[in-house]
Amino acid sequence: MAKYNAFPPIPLKDRQWPSRSITKAPVWCSVDLRDGNQALINPMGPAKKMELFRTLLRIGFKEIEVGFPAASETDFAFLRELIEGDLIPDSVTIQVLTQARQHLIEKTFEAIRGAKNAIVHLYNSTSELQRRVVFRADKQDITKIAVDGAQIIRELAQSSPAGSVRYQYSPESFTGTEIEYAAEICDAVCEVWQPTEDNKTIINLPSTVELSTPNVYADQIELFCRLFKHRQQALISLHTHNDRGTGIAASELGLLAGADRVEGTLFGNGERTGNLDIVTMALNMTTQGVDSNLDFSHIKEVRRVAEFCTEIKVPERMPYAGDLVFTAFSGSHQDAIKKGYEAMKHSETDRFEVPYLTIDPADIGRQYDPVIRVNSQSGKGGVAFLVEHELGFRLPRRLQVAFSKVIQRITDSSGVEISAAEVAKHFVATYVEPEGPLTYNSHKLLPCDDEDSERFEFDVTYKGDSVTVTGQGSGPLDSLVHALTNRFELAYDIVDYSEHSLESGSDSKAAAYLLVKAPSGEELFGVGEHKSITKASLRGLVAAINRALIVHQND
Ligand code: KIV
Ligand code: ZN
């Protein structure tokens, strides 16, 4: 026998699940406060449990496994606090786990006394390996444990108000259990509980240990549903763990295979490699246009609470919630994202269509600004996106190229990425407010004899002196060029000019982009902004000349 063996395929020839799609949300059950909590280095105390419980309610969970009260005094006390403090909304059902032993079941019922809606969750291990190695028991013995437990639960439930207690059974280690036997033991439990179509029992089929590829789990679920005689009187629930890293895929395929309900935790906290991550599974549905019935519109807050309560950090690459998942480092990705956002502004539909993004970050309370961060690998698209996003400037193509080189020099020498705010700061310092000897202060129109031109007087500061200069040309820009050439021999030609308004509305500002040619032949951009387009243009011209003068002075 080899040390490791392939998991045997499930004999299911006419499987239906591969051609189905997920079209509606399952019933979700959070097991953060039980399965998740059992796996923590520092299990949550009452305050953290309460904070997480409230967060789970805000997300919209209607079923929450709050603890294992017969095994933990903290869980017992927490349940009493919830019930006696009337802290469970009527629409929410709390769930409690118990082993199939009389005194534990009795203590469990004590813990839920007074709860309006509770699920008592009975489990025992059924896998071939556990029967052989741990319990040294045959199938009959294992079935007897489950049936005896089910009977005690049924008796105790009879003294609870009608309809307040529902039942759940888990053949723990289901994935290592022969499916025929799993169906048999679940049927035996149902014989005791006598579920009906109006009062269904929950049959939870855990991948306690993930032993196979997710398609095999889906086969197990589909085969189970065919063999299980009480299928119509039961809700089939999934509870996947993540030993092979495919816990989410297994639950998704399990839903296709016929399950109605899914148990899991926020960000997949749980024993070993964790439980199913409900956040990712729910948001995966959102991206397919299926309403998950869970609200992750403030995912950062959910993450903050989960990290605080579990003392486990959400990794940077965690789908939807990780710090880096709306960040594109590659220039071509950045360019495509920018074009996607641009195209959406003019789209006639609401469809979110941005390359490389499966979800609109705004839908989960994340912002556009971290979508693109810039490092030395970034192209002009990303840099231009950030300038537009931070400052509103829509850079002409040549300026995009020029500025991305400025940023590349900075990131090359620092070796680290640069934030959006820093990109904006460098843009302003380079093109809008470059240091230099010349300042434009004001201008006024003067009478002019020539019908084809205009004459202006400009108040400028040059090398610290306030000076009035006059110039004539086709307009204010041309006039300033002539005035500066005549007075200071600053002979700069305007090579290119463009403008746009920065905001909409009557008092919106305008941006002007001036490309000037210095006497040396060098071409430099300057950018001006002002409510008056004329002043924005004059400022842009002066900024470009200052840049040329600084370069010249530095030579
Ligand atoms: O993983 C598991 O099998 C469990 C059961 C108790 C449902 O947590
Ligand atoms: Zn579990």
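Residues numbered from 1 in each chain as written. Chains lettered and ligands numbered in written order. Predicted model: local features only at pLDDT ≥ 70, side-chain atom pairs only at ≥ 80, totals over all residues. Heavy atoms only, no water.

Draft legend 1. Geometry of helix 7 (residues 179-193). Relative to the 21 Å expected for 15 residues at 1.5 Å per residue, helix 7 spans 21 Å between its end C-alpha atoms, a close match to the ideal helical length. Burial analysis of helix 7 places 12 of its 15 residues in the buried class, which makes it a mostly covered element. Within helix 7, the full set of buried residues consists of Ile179, Tyr181, Ala182, Ala183, Ile185, Cys186, Asp187, Ala188, Val189, Cys190, Val192 and Trp193. Positive phi shows up at Gln194, right after helix 7, with a value of about 50°. (Helix = DSSP H or I, 4+ residues; strand = E, 2+ residues; numbered from the N terminus. Expected span 1.5 Å × (residues − 1). Buried < 20%, exposed > 50% of the residue type's maximum accessible area, 1.4 Å probe, protein only.)

Draft legend 2. Representation of the sheet that holds strand 8 (residues 261-264) in the model. With parallel pairing, eight strands are arranged side by side around a closed barrel as 1-2-3-4-5-6-7-8. Between one strand and the next, the sheet's axes are offset by a mean angle of 25°, whatever the strand orientation. Sheet topology places strand 5 (residues 165-172) next to strand 6 (residues 201-207); two bridges connect them, and they run parallel. By the bridge assignment for strand 6, Gln168 is matched with Ile202. (Pairing = 2+ DSSP bridges. Axes fitted to C-alpha atoms, helices over the stretch in contact; angles between N-to-C directions.)

Draft legend 3. Region of interest: the state of the cysteines. Going through the model one piece at a time under the given rule, you end up with zero disulfides. Cysteine Cys190 remains unbridged, with the sulfur of Cys186 as its closest cysteine sulfur at 6.8 Å. The class of Cys190 is buried, set by a relative accessible area of 0%. Of all cysteine sulfurs in the structure, the one in Cys186 sits closest to Cys225, which takes part in no disulfide; the separation is 10 Å. For Cys225, a relative accessible area of 13% gives the class buried. (Disulfide = S-S within 2.5 Å.)

Draft legend 4. Structural context of the coordination of the zinc ion (ligand 2). Within the protein, Asp35 (OD), His239 (NE2) and His241 (NE2) serve as the donor atoms for the zinc ion (ligand 2), at 2.0 to 2.1 Å. In primary sequence terms, the donor set of the zinc ion (ligand 2) follows D-x203-H-x1-H. Note that Asp35 is positioned in helix 1 (residues 32-38) and His239 in strand 7 (residues 234-240), a separation of 204 residues in sequence. Of the residues examined, Asp35 reaches a relative accessible area of 6% and is grouped as buried. (Donors = N, O, S within 2.8 Å, 3.2 Å for Na, K, Ca; no water.)

Draft legend 5. Structural detail: the site of ligand 1. As a structural note, the neighbourhood of ligand 1 is formed by Arg34, Asp35, Leu97, His121, Ser170, Glu172, Asn204, Pro206, Thr208, His239 and His241. Here an oxygen atom of ligand 1 sits 2.5 Å away from a polar atom, N or O, in the side chain of Thr208. Protein chains shield 94% of the accessible area of ligand 1, which is 260 Å² for the free molecule. The set of elements that each furnish at least two residues to the shell around ligand 1 consists of helix 1, strand 5 and strand 6. (Near = heavy atom within 4 Å. Polar contact = N/O pair within 3.5 Å; in protein donor to acceptor, adjacent residues only side chain to side chain. Areas by Shrake-Rupley, 256 points an atom, 1.4 Å probe, with all protein chains shown as cover.)

Draft legend 6. Layout of the domain arrangement of the chain. Here the chain is described as being made up of domain 1 (17-310), domain 2 (331-421) and domain 3 (438-554). Placing the centre of domain 2 and that of domain 3 at their C-alpha centroids yields a distance of 30 Å. The interface of domain 2 with domain 3 comprises eight residues on the first partner and 11 residues on the second. Where domain 2 meets domain 3, there are one salt bridge. Taking the shortest distance from any N to any O, the salt bridge between Glu523 and Arg398 comes out at 2.8 Å. (Domains from an automatic or database assignment. Contact = heavy atoms within 4.5 Å. Salt bridge = Lys/Arg side-chain N within 4 Å of Asp/Glu carboxyl O.)

Draft legend 7. Local environment of the environment of Phe228. If you trace the backbone, Phe228 turns up in the loop between helix 8 (214-227) and strand 7. Sequence separation of Phe228 and Gly540 is 312 residues, and the distance between their C-alpha atoms is 77 Å. The residues touching Phe228, leaving out its near neighbours within four places in the chain, are Ala183, Cys186, Asp187, Cys190, Ile203, Ala234 and Ile236.

Draft legend 8. Quick look at helix 15 (residues 420-432). For helix 15, with 13 residues, the first-to-last C-alpha span of 17 Å sits near the 18 Å given by 1.5 Å per residue. Taken as a whole, helix 15 has its buried residues at Ala420, Val423, Ala424, Phe427, Thr430, Tyr431 and Val432. Angularly, the buried residues of helix 15 cover 145° about the axis, an arc narrow enough to put them on a single face. More than 90 degrees from the buried face of helix 15, the exposed residues found are Ala421 and Lys425. (Arc of directions from axis to C-beta.)

Draft legend 9. Representation of empty space enclosed by the protein in the model. Across all of its chains, the model carries one cavity of 30 Å³ or more by this definition. Within this model, the largest cavity holds a volume of roughly 50 Å³. Broken down by class, the residue content of the lining of the largest cavity amounts to four nonpolar, four polar and one charged. (1 Å grid on protein atoms, 1.4 Å probe; cavity = no way out; pocket = protein on both sides within 12 Å on 5 of 7 lines; lining within 4 Å. Points joined across faces, edges and corners; volume = space filled by probe spheres on them. Nonpolar A, V, L, I, M, F, W, Y, C, P; charged D, E, K, R; others polar.)

Draft legend 10. Region of interest: the pairing of strand 2 (residues 63-67). Strand 2 sits mainly inside the fold: five of its five residues count as buried. Of the pairings in the sheet, the one linking strand 1 (residues 27-30) to strand 2 comprises two bridges and is parallel in character. Bridge pairing in strand 2 places Ser30 opposite Ile64. As judged from the four bridges shared by strand 2 and strand 3 (residues 93-99), these two strands associate in the parallel manner. Bridging from a neighbouring strand, Ile64 pairs with Ile94 of strand 3. For the segment spanning strand 2, helix 3 (residues 73-84) and strand 3, crossover handedness is right-handed. (Right-handed = clockwise from strand over helix to strand, strands pointing away.)

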